[in-house]
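Each chain, written out:
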Amino acid sequence: MSEISAQVGSAIRSLTQEFDLIAHNLANVSTPGFKRRYNDFSKSLSALEQTAGPAENSRKPANIAVDFTQGSFIETGRTLDMALCGKGFFVIETPQGPLYTRNGAFRLNENGQIVDMIGRIVAGESGPITVPQAAGLSQINVAADGTVSAAGVPIGKFKLVDFLDKENRLTPAGLNCFAAPQNMDSEPAVGLVVKQGFQESSNVQLTEELVDMIMVSRLYEANMKLISKSGETAKNLLDVAMS
Amino acid sequence: MLRAFSTAATGMSAQQMMVDVTANNLANINTTGFKRSQIDFQDLLYSKLRDFGAEVSSGIKTPGGMEIGSGVRAGSTVKVFSGGELVNTSRPLDIAIAGDGFLQVRMPDGSLRYTRDGALQINADGELVTAMGYSIEPSVSIPSNAVSIDIGKDGSVNVLDDSGAQSVVGTLQLARFVNPSGLSSEGDNLLAETEASGTPITGTAGENGFGMIQSGFLEKSNVQMVTELVNLITAQRAYEVNSRAIKAGDEMLKNAIQIAGY
């Protein structure tokens, strides 16, 4: 009896987490450069079904991973919207060290430096990229390799990095950014194309998330039924014993 | 309580803001010199349930971790300063700026505002004013004996008087900002300087990166109806799907409560 409730309890905990995850993905369906999170919970659930072993097995923690597949491109026509096509990241300078993002909805600050949505400096290969006062916003041109020119004069190049196959060790830092663990170095990105006037849309697929959501709520329901049934069995047993 | 409730709620409020922004863009689809706003979202912070590389059992470290995000927020809105369509009105006092730059407008309290709406008029004192009656800076006076007015590409205001003599009575000056998206909207097609926009740089039309002045034209709003409608549908559906998440979460809790009531 206790084994059932332990297993069901663990399943319910995981399902609740999975549900939170889906809600977070759905909330970010319009966040440019957002990468959906998924967990290998489904896998651990099937493991749970197979192993009728001690409850510890079923409580094996699931991992949450980031799905780095490319989102689609949305044309915005804004000079400072950049989308990345291929593997890699822009680098954002923060007092706590560099952060990495694929959200290229940039701005200029009052000094003419290219900054992200909340005003953090976007790293260039040689320091911040500053647009000279003499050049207008419409004269900023970004080449596919990330070279920024104002009125035809190159003024800098976006620092573009890649983590090759270690991408999955990046941790989400919120505000569209990822942080790298301390001992992980980035490599210069190869074959990454910057598209000016575009945003990379979130790679959350509504249908997929909705299907997952239905599955999670049904599984939850089933687990709840299980608790209810096991309670009923116990009651029947007690009734028999008492009569 | 399910974290998902508040997460989905952030999604709904962000999408609602997107609808608000889109509605304002659509409402101004015929406003002269209007620049569309774009809203950009950001994901919120993540709560770490288990660190990356944590030890799960002796000597075994997880390759991944467990972090659950808490939703989305509207990062900021930004004005998109792409040019609007220039429409021929044949009215000599209608001007459009083909390129970068704003007309400077002097408010009654002496402060300056900036606009791309070039539907100019002449007030009772013969001064060039905006459609709302605010005077253009530097001020240009049209003599009372003027027969026709012509505004050149560089902003010079030429007047032909009743004696047939032509004279330049003033020149329109343009202002530019290093970060025009940082200007704050003041209504009446006017924008104001802020900390974020930087200080204005003034100059003559057609020089140093300033756009040329096109007389007889007005710049239409740069709102594209199709884009806005697509945004509206996207926002509406995203809103709907977030509300579904709340509903599904509610049913899950209902299930749990039913068990407790058993």
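What counts, and at which threshold
Residues numbered from 1 in each chain as written. Chains lettered and ligands numbered in written order. Predicted model: local features only at pLDDT ≥ 70, side-chain atom pairs only at ≥ 80, totals over all residues. Heavy atoms only, no water. Helix = DSSP H or I, 4+ residues; strand = E, 2+ residues; numbered from the N terminus. Buried < 20%, exposed > 50% of the residue type's maximum accessible area, 1.4 Å probe, protein only. Contact = heavy atoms within 4.5 Å. Areas by Shrake-Rupley, 256 points an atom, 1.4 Å probe, with all protein chains shown as cover. Lys, Arg positive; Asp, Glu negative; His and termini not counted. Charge placed at Lys NZ, Arg CZ, Asp CG, Glu CD. Buried area = accessible area lost by both parts, 1.4 Å probe. Salt bridge = Lys/Arg side-chain N within 4 Å of Asp/Glu carboxyl O. Polar contact = N/O pair within 3.5 Å; in protein donor to acceptor, adjacent residues only side chain to side chain. Pairing = 2+ DSSP bridges. Phe/Tyr/Trp six-rings, centres within 6.5 Å; stacked < 30°, edge-to-face > 60°. pLDDT = per-residue confidence, 0-100. Axes fitted to C-alpha atoms, helices over the stretch in contact; angles between N-to-C directions. Expected span 1.5 Å × (residues − 1).

1. Notes on the overall build of chain B
Move 1: Looking only at helices and strands, one finds two helices and 22 strands in chain B.
Move 2: The 262 residues of chain B split such that 47% are buried.
Move 3: Nonlocal contacts in chain B, meaning residues at least 24 apart in sequence, comprise 62% of its contacts between residues at least 6 apart.
Move 4: When the accessible surface of chain B is split by element, carbon and sulfur atoms take 52% of a total near 12000 Å².
Move 5: Across chain B, the 19 positively charged side chains and the 28 negatively charged ones have centroids separated by 13 Å.

2. Points about the interface of chain B and chain A
Move 1: Contact with chain B, which involves 62 residues of that partner, is made by 65 residues of chain A.
Move 2: Where chain B abuts chain A, roughly 5100 Å² becomes buried across the two surfaces, and 61% of that area is made up of carbon and sulfur atoms.
Move 3: Here chain B is connected to chain A by three salt bridges.
Move 4: With its nearest N and O atoms 3.9 Å apart, the salt bridge here joins B:D43 to A:R37.
Move 5: Where chain B touches chain A, the interface holds 20 residue pairs in polar contact (both at pLDDT 80 or more).
Move 6: Ranked by residues supplied to the side of chain B that touches chain A, first place goes to helix 2 (residues 225–261) of chain B with 11 residues.

3. What to know about the pairing of strand 16 (residues 166–171) of chain B
Residue and element names in this part refer to chain B.
Move 1: Where strand 15 (residues 156–161) and strand 16 come together, five bridges link them in antiparallel fashion. Within strand 16, the residue paired with L160 across the bridge is Q166.
Move 2: The turn linking strand 15 back onto strand 16 is made up of four residues, and G164 within it adopts a positive phi angle of 90°.

4. Brief notes about the packing of aromatic side chains
Residues and elements named next belong to chain A.
Move 1: Counting across every chain of the model gives 11 aromatic pairs over all chains.
Move 2: A ring pair is formed by F90 and F158, whose centres lie 5.2 Å apart and whose planes are at 70°; its orientation type is edge-to-face. Of this pair, F90 sits in strand 5 (residues 89–92) while F158 sits in the loop between strand 12 (153–157) and strand 13 (160–162), and the two are 68 residues apart along the sequence. When sorted by exposure, F90 lands in the same class as F158, which is buried.

5. Looking at the pattern of salt bridges
A pair can form between side chains of opposite charge whenever their charged atoms are brought close.
Move 1: Using the criterion set out here, one finds 22 salt bridges over all chains in the structure.
Move 2: One salt bridge in this structure joins A:R36 and A:E209, with 3.0 Å as the shortest N-O distance. Of this pair, A:R36 sits in the loop between helix 1 (2–27) and strand 1 (37–39) while A:E209 sits in helix 4 (residues 206–242), and the two are 173 residues apart along the sequence. Accessibility classification places A:R36 together with A:E209 in one group, the buried group.
Move 3: Note that B:E240 is salt-bridged to B:R237, the shortest N-O span being 2.6 Å. In this pair, B:E240 and B:R237 are both assigned in helix 2, three residues apart and thus about one turn of the helix distant.
Move 4: Several salt bridges converge on common partners, so that one network encompasses A:R36, A:D67, A:E208 and A:E209.

6. Structural notes on the environment of B:R116
Residues and elements named next belong to chain B.
Move 1: Counting through the fold element by element, R116 comes out in the loop between strand 10 (112–115) and strand 11 (121–122).
Move 2: Separated by 33 residues in the primary sequence, R116 and G83 place their C-alpha atoms 10 Å from one another.
Move 3: Beyond its immediate sequence surroundings of up to four residues, R116 is in contact with G33, K35, I97, G99, D100, G101, F102 and E219.
Move 4: Here I97 takes part through its backbone oxygen, which lies 2.9 Å from a polar atom of the side chain of R116.

7. What about the confidence of the model for chain A?
Residues and elements named next belong to chain A.
Move 1: On average, residues of chain A score 85 in pLDDT, and 90% of them reach the 70 mark or higher.
Move 2: Within chain A, no element has a lower average pLDDT than helix 3 (residues 55–58), which sits at 43, and none a higher one than strand 5, at 95.
Move 3: Counting contacts from residues 43–48, a segment whose pLDDT is below 50, to residues more than four positions away or on other chains yields five contacts.

8. Concerning the sheet that holds strand 15 of chain B
Residue and element names in this part refer to chain B.
Move 1: Within the open sheet, the three strands sit side by side as 14-15-16. Their pairing is antiparallel. Whereas interior strands pair on both sides, the edge strands pair on one side only; in this sheet they are strand 14 (146–151) and strand 16. For this sheet, the mean inter-axis angle between neighbouring strands, taken without regard to orientation, is 25°.
Move 2: Across five bridges, strand 14 lies against strand 15 in antiparallel orientation. Counted as the bridge partner of I151 is V157 from strand 15.

9. Observations regarding helix 4 of chain A
Move 1: Look at helix 4 of chain A: 53 Å from first C-alpha to last across 37 residues, which is about the 54 Å you get at 1.5 Å a residue.
Move 2: Burial in helix 4 of chain A covers these residues: A:E209, A:M213, A:V216, A:S217, A:Y220, A:N223, A:M224, A:S228 and A:S230.

10. What to know about the sheet that holds strand 7 (residues 104–105) of chain A
All names here are of chain A.
Move 1: The three strands lie next to each other as 7-4-17, forming an open sheet whose pairing is antiparallel. Where the open sheet ends on each side, the last strands, each with one partner, are strand 7 and strand 17 (193–196).
Move 2: Bridge count between strand 4 (residues 81–85) and strand 17: four bridges; the pairing is antiparallel. Counted as the bridge partner of A83 is K195 from strand 17.

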